[in-house]
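Geometric and topological summary
Chain residues, written in single-letter form:
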Amino acid sequence: QVQLVESGGGLVQPGGSLRLSCAASGSIFSINAMGWYRQAPGKQRELVAVITSGGGTNYHDSVKGRFTISRDNAKNTVYLQMNSLKPEDTALYYCNALIRSYYSDYGLRNYWGQGTQVTVSS
């Protein structure tokens, strides 16, 4: 199977920065896209940022200009650089990837990480 493992979450003060990482491993043939979602208590999960294999990116309006998504295709890893963090950014951040795998007979499927907590507080 395919596994996604996130890291880099933590507690920071408003205005601070964090960099999240997500590494994909397993029976991977190709990765079409990788991205980050977040979910705060009492709210629906929302897309934060996504990047395709070709390098195209898309961001939620609330993080434009503050967050940057990037990827290292050779390492099957996606990053989310978060600057100028606000208390409203506090949430559980999930890595998501659209992957073709040998296990699924090259079918295109979504995979999720377990999540990493980001807390922005003074």
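Before any of the text, the structure's been laid out above.
Since we're looking at a predicted model, the values are computed, not measured.

**Regarding the pattern of salt bridges**
Within this structure, the stated rule accounts for 4 salt bridges. Between Asp61 and Lys64 there is a salt bridge whose closest N-O contact spans 3.0 Å. For Asp61, a relative accessible area of 60% corresponds to the exposed category. On the basis of relative accessibility, which here comes to 48%, the residue Lys64 falls in the partly exposed class.

**Some thoughts on the environment of Gln1**
Positionally, Gln1 belongs in the segment before strand 1 (2-7). Gln1 sits in the partly exposed class, given a relative accessible area of 40%. As a C-alpha pair, Gln1 and Arg19 span 18 residues in sequence and 26 Å in three-dimensional space. When sequence neighbours within four positions are dropped, the list of residues in contact with Gln1 reads Ser25, Gly26, Ser27, Tyr103 and Tyr111.

**Overview of the nonpolar core**
Judged by nonpolar contacts, the single largest core of 31 residues is most densely connected at Trp36, Leu80, Met82, Tyr93 and Ile99. Of the residues forming this core, the biggest block, 5 residues, is contributed by strand 9 (residues 91-101).

**Let's talk about the pairing of strand 3 (residues 18-26)**
Both strand 1 and strand 3 contribute to a ladder of 6 bridges, which runs antiparallel. When the bridges of strand 3 are listed, Glu6 appears paired with Cys22.

**Description of the sheet that holds strand 3**
Here we have 4 strands laid out as an open sheet, ordered 1-3-8-7, and antiparallel in their pairing. A single partner strand is all that each edge strand has here, and the edge strands are strand 1 and strand 7 (67-72). On average, each strand axis in the sheet is tilted by 15° relative to the strand beside it, whichever way the strands run.

**What to know about the environment of Gly55**
Examined against the element boundaries, Gly55 turns out to sit in the loop between strand 5 (46-52) and strand 6 (57-59). With a relative accessible area of 41%, Gly55 lands in the partly exposed category. When the C-alpha positions of Gly55 and Glu6 are compared, they lie 20 Å apart, and in sequence the two are 49 residues distant.

**A short note on the environment of Tyr103**
Secondary-structure assignment places Tyr103 in the loop between strand 9 and strand 10 (108-112). Once residues within four sequence positions are removed from consideration, Tyr103 is found in contact with Gln1 and Ser27.

**What about the side chain of Asp89?**
On the secondary structure map, Asp89 appears in the loop between strand 8 (77-82) and strand 9. Note on Asp89: relative accessible area 1%, which makes it buried. In this structure, Asp89 is in contact with Arg38, Val63, Arg66, Phe67, Ser84, Val118 and Val120, ignoring residues within four places of it in sequence.

Cut-offs used in this document
- Residues numbered from 1 in each chain as written.
- Predicted model: local features only at pLDDT ≥ 70, side-chain atom pairs only at ≥ 80, totals over all residues.
- Heavy atoms only, no water.
- Salt bridge = Lys/Arg side-chain N within 4 Å of Asp/Glu carboxyl O.
- Buried < 20%, exposed > 50% of the residue type's maximum accessible area, 1.4 Å probe, protein only.
- Helix = DSSP H or I, 4+ residues; strand = E, 2+ residues; numbered from the N terminus.
- Contact = heavy atoms within 4.5 Å.
- Core = buried A, V, L, I, M, F, W, Y, C linked by side-chain atoms within 4.5 Å.
- Pairing = 2+ DSSP bridges.
- Axes fitted to C-alpha atoms, helices over the stretch in contact; angles between N-to-C directions.

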